[in-house]
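Working through the structure, step by step
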Amino acid sequence: MQIPEQVQWILDKLEENGKEGYAVGGCVRDSVLGHVPKDWDITTSAKPEEVKQIFRKTIDTGIAHGTVTVMVEGTGYEVTTYRVDGEYEDHRHPKQVEYTANLEEDLKRRDFTINALAISLNQENYGVLIDPFGGLQHLEERLIKTPLDPGLTFSDDPLRMMRAIRFASQLNFQIEENTFQAIAEYRHRLPIVSMERIMDEFNKIMLSPEPSRGIRLLDEAGLLEIFFPELTALKGVD
């Protein structure tokens, strides 16, 4: 992995202050796949107020949910405290956030196993991959699967159903059978999500390397008819 100097500096500073810190999520996934990450997210045992004490320049971008943006040489990096989410009241953000000292508890709240990966970059455990839900194996198998029961994952945030299909289209992965069945089962919850967020995911699917495959998966799961019935009406029309 080619770690940006700023990311390594942030993790080193956390370690110097007696706090754990890991690169987490999509940046780890993309690095394992040989892609250059667009963003680097950091998860830490430090609470938001401690992060603000450790770093001189910070922005309270999501402090209610444990996230502080640390500014380094004009670039912002999101640093989020390990947390356990409560009920998703608005189906986007949890109603309440409880901090935890356990990294695995934090990872299991994430959408898919391939995004529930963290890597240690501190001196003692440099390069150690934290993978409690088999995300590395699922990357090798090219499989989209949720860390927890997919019904719980999609009920908490129904947009994750769209995200599953988006990742399948972007990465040319398969969606694990139970996960796909849960998408079809919980599709009725999609209208809870704002149309703006739905269309953002749809646009990403359309811009993926396999947009036709994405459309097919949306149709097979019954999502397409919910937010784009005009398109499903065109099936079979020359």
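Before going into details, it helps to say that this report is about the structure given with it. What you are looking at is a predicted structure, and each value in this text was computed from that prediction instead of being measured.

Calculation rules
- Residues numbered from 1 in each chain as written.
- Predicted model: local features only at pLDDT ≥ 70, side-chain atom pairs only at ≥ 80, totals over all residues.
- Heavy atoms only, no water.
- Salt bridge = Lys/Arg side-chain N within 4 Å of Asp/Glu carboxyl O.
- Buried < 20%, exposed > 50% of the residue type's maximum accessible area, 1.4 Å probe, protein only.
- Helix = DSSP H or I, 4+ residues; strand = E, 2+ residues; numbered from the N terminus.
- Polar contact = N/O pair within 3.5 Å; in protein donor to acceptor, adjacent residues only side chain to side chain.
- Contact = heavy atoms within 4.5 Å.
- Expected span 1.5 Å × (residues − 1).
- Arc of directions from axis to C-beta.
- Phe/Tyr/Trp six-rings, centres within 6.5 Å; stacked < 30°, edge-to-face > 60°.
- Axes fitted to C-alpha atoms, helices over the stretch in contact; angles between N-to-C directions.
- Parallel < 35°, antiparallel > 145°, perpendicular 65-115°, else oblique.
- Nonpolar A, V, L, I, M, F, W, Y, C, P; charged D, E, K, R; others polar.
- Pairing = 2+ DSSP bridges.
- Core = buried A, V, L, I, M, F, W, Y, C linked by side-chain atoms within 4.5 Å.

The next point concerns the pattern of salt bridges. Scanning the model with the defined rule gives 11 salt bridges in all. In this structure, D106 engages R110 in a salt bridge whose closest nitrogen and oxygen atoms are separated by 2.9 Å. The class of D106 is buried, set by a relative accessible area of 0%. Taking relative accessible area as the criterion, R110 reaches 17% and is therefore assigned buried. Residue E220 pairs with R216 through a salt bridge whose shortest N-O separation is 3.1 Å. Remark: R216 and E220 occur in helix α10 (residues 211-221); sequence separation between them is 4 residues, near one turn of the helix. What you see here is one network of salt bridges that share partners, running through D106, R109 and R110.

Counting through the fold element by element, T113 comes out in the loop between α4 (103-107) and β8 (118-120). Among the residues examined, T113 registers a relative accessible area of 1% and is labelled buried. The spatial distance from the C-alpha of T113 to the C-alpha of L143 is 9.1 Å, given a sequence separation of 30 residues. Polar side-chain contacts of T113 include one of 2.7 Å to the side chain of H138.

Mapping S120 onto the fold places it in strand β8. When sequence neighbours within four positions are dropped, the list of residues in contact with S120 reads Y22, N125, Y126, G127 and V128.

To continue, consider helix α9 (residues 195-206). Counted at 1.5 Å a residue, the expected span for α9 with its 12 residues is 16 Å, and the 16 Å between its end C-alpha atoms agrees. Among the residues making up α9, those that are buried are R197, I198, E201, F202 and I205. Along the axis of α9, the buried positions cluster into a sector of 135°, meaning they face one direction only.

According to the stated counting rule, one finds 5 aromatic pairs in the structure shown. Summarising the aromatic geometry, the rings of F202 and F227 are spaced 5.4 Å apart at their centres and angled 70° between planes, so their arrangement reads as edge-to-face. Remark: F227 occurs in helix α11 (residues 224-227) and F202 occurs in helix α9; sequence separation between them is 25 residues. Residue F227 is classed as buried on the basis of its relative accessible area of 8%.

Our next topic: the packing of helix α7 (residues 159-171) against α9. In the contact formed by α7 and α9, the axes pass within 9 Å of each other and the chain directions differ by 10°. Comparing the axis directions of α7 and α9 gives the class roughly parallel. Residue-level contacts link L159, M162, R163, I165, R166, S169 and Q170 of α7 to R197, I198, E201, F202, K204 and I205 of α9. Taken together, the residues that form the contact of α7 with α9 break down as 6 nonpolar, 2 polar and 5 charged.

Before going further, it helps to examine the sheet that holds strand β9 (residues 129-130). Reading across the sheet, the 7 strands line up as β3-β4-β5-β2-β1-β8-β9 and stay open at both edges, with mixed pairing between neighbours. Taken across any chain shown, the strands that pair with only one partner, and hence form the sheet edges, are β3 (58-62) and β9. Bridge analysis of strand β4 (residues 67-72) against strand β5 (residues 75-81) gives 6 bridges, and the strand direction is antiparallel. Looking at the pairing, T67 lines up with T80 of β5. Sheet contacts for helix α1 (residues 5-16): β1 (21-24), β2 (41-44), β4 and β5; angle to β2, the most-contacted strand, approximately 5°.

What follows covers the nonpolar core. By size, the foremost hydrophobic cluster in this structure holds 51 residues, and its most contacted members are I10, M162, I175, I183, L218, L223 and F227. Counting residues per element, this core draws most heavily on α7, at 8 residues. With near-sequence residues (within four places) excluded, I10 lies in contact with I42, F55, V70, V72, Y77 and V79. Ranked by size, the runner-up nonpolar core spans 8 residues in total, among them Y22, Y82, A118 and F133.

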